[in-house]
Amino acid sequence: MRVIAGKARGTLLKTPDGMLTRPTADRVKEAMFSIIQFELPGADVLDLFGGTGQLGIEALSRGAKSATFVDARAEACGLIRENLKRAKMSGEGEVVQADYLDFLTRCQKQYNIILLDPPYAEVFLENALKRIAEIDILHSDGIIVTERPLGKELSWDCPGFSRSKDYKYGKTVLTIFRRDSCGRL
């Protein structure tokens, strides 16, 4: 696993032992960042299911101003910190060990981009989208980037957001939600 583009291009990131974390494939990551490339410069990014930190680190490498990484597992948080050091970005990232819903409930910061790549077999994606729609943590021109497995429907429409088409890459589907410009959610 490596950083694909930007100032940390080519940096090898450490991967976890075991199967608790499923890193995003390079092909999917490349497609994701091609879709949102113009949103990245100067953005504050939330990587809500941090895992290895690769998505937030890729965002930082491509020009994001800051990234907050959230993961419930101490091992994952340690891995994210190590990968930030490898990419020479420790000062640009904040790592928070917390349950994603607890973090969203307490969050006082607003973000330009929220990355949601939760464990596939769970309902974390739906729950996170619902909670984000209920609170005000996304800037008025902000976006949410979701990743899910092919076959897992995401039928829920986010109130206050416009949904993009589904982008399919092998067995992975990306969907972008853009905050509507008509005001608060």
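Quick caveat: nothing in here was measured; it's all calculated off a predicted structure. (Residues numbered from 1 in each chain as written. Predicted model: local features only at pLDDT ≥ 70, side-chain atom pairs only at ≥ 80, totals over all residues. Heavy atoms only, no water.)

In the structure shown here, the tally under the stated rule is 3 aromatic pairs. Plain terms: the ring middles of F49 and Y100 are 4.9 Å apart, the flat faces sit at 45° to each other, and that makes the pair tilted. With a gap of 51 residues between them, F49 in the loop between β1 (44-47) and α2 (54-61) and Y100 in helix α4 (residues 100-106) connect regions that are remote in the sequence. Here F49 and Y100 have matching classes, each one buried. (Phe/Tyr/Trp six-rings, centres within 6.5 Å; stacked < 30°, edge-to-face > 60°. Helix = DSSP H or I, 4+ residues; strand = E, 2+ residues; numbered from the N terminus. Buried < 20%, exposed > 50% of the residue type's maximum accessible area, 1.4 Å probe, protein only.)

Once that is clear, we can look at the confidence of the model for the protein chain. In this model, the protein chain carries a mean pLDDT of 88, and residues with pLDDT of at least 70 account for 91%. Considering each helix and strand of the protein chain separately, the mean pLDDT is smallest for strand β6 (residues 161-169), with a value of 88, and largest for β1, with 98. (pLDDT = per-residue confidence, 0-100.)

Taken in spatial order, the 7 strands line up as β3-β2-β1-β4-β5-β7-β6 in an open sheet, and their pairing is mixed. Of all strands in the sheet, those bounded by a partner on one side alone are β3 (93-97) and β6. In this sheet, neighbouring strand axes are inclined to one another by 15° on average, regardless of whether the strands run parallel or antiparallel. Across 4 bridges, β1 lies against strand β2 (residues 66-71) in parallel orientation. Paired with L46 across the two strands is T68, which belongs to β2. Running over the sheet, α2 touches β1, β2 and β4 (111-116) and is turned about 180° from β2. (Pairing = 2+ DSSP bridges. Axes fitted to C-alpha atoms, helices over the stretch in contact; angles between N-to-C directions. Contact = heavy atoms within 4.5 Å.)

A word on the nonpolar core. Counting residues in each nonpolar core, the largest one holds 31 residues, and the members touching the most others are I36, V45, I57, F69, L84, I113 and V145. In contact with V145, other than residues within four places in its own chain, are M32, I36, I113, I114, L115, L116, T175 and I176. Judged by nonpolar contacts, the second largest core, of 24 residues, contains C107, L116, I132 and L154. (Core = buried A, V, L, I, M, F, W, Y, C linked by side-chain atoms within 4.5 Å.)

An α-helix turns once every 3.6 residues. As a result, residues three or four positions apart point the same way. Among the 8 residues in α2, 8 count as buried, and that is most of the element. By the burial criterion, the buried members of α2 are Q54, L55, G56, I57, E58, A59, L60 and S61. Elements in contact with the buried residues of α2: α1 (26-35), β1, β2, α3 (74-86) and β4. The positive-phi residue at the C-terminal boundary of α2 is G63, with phi of around 115°.

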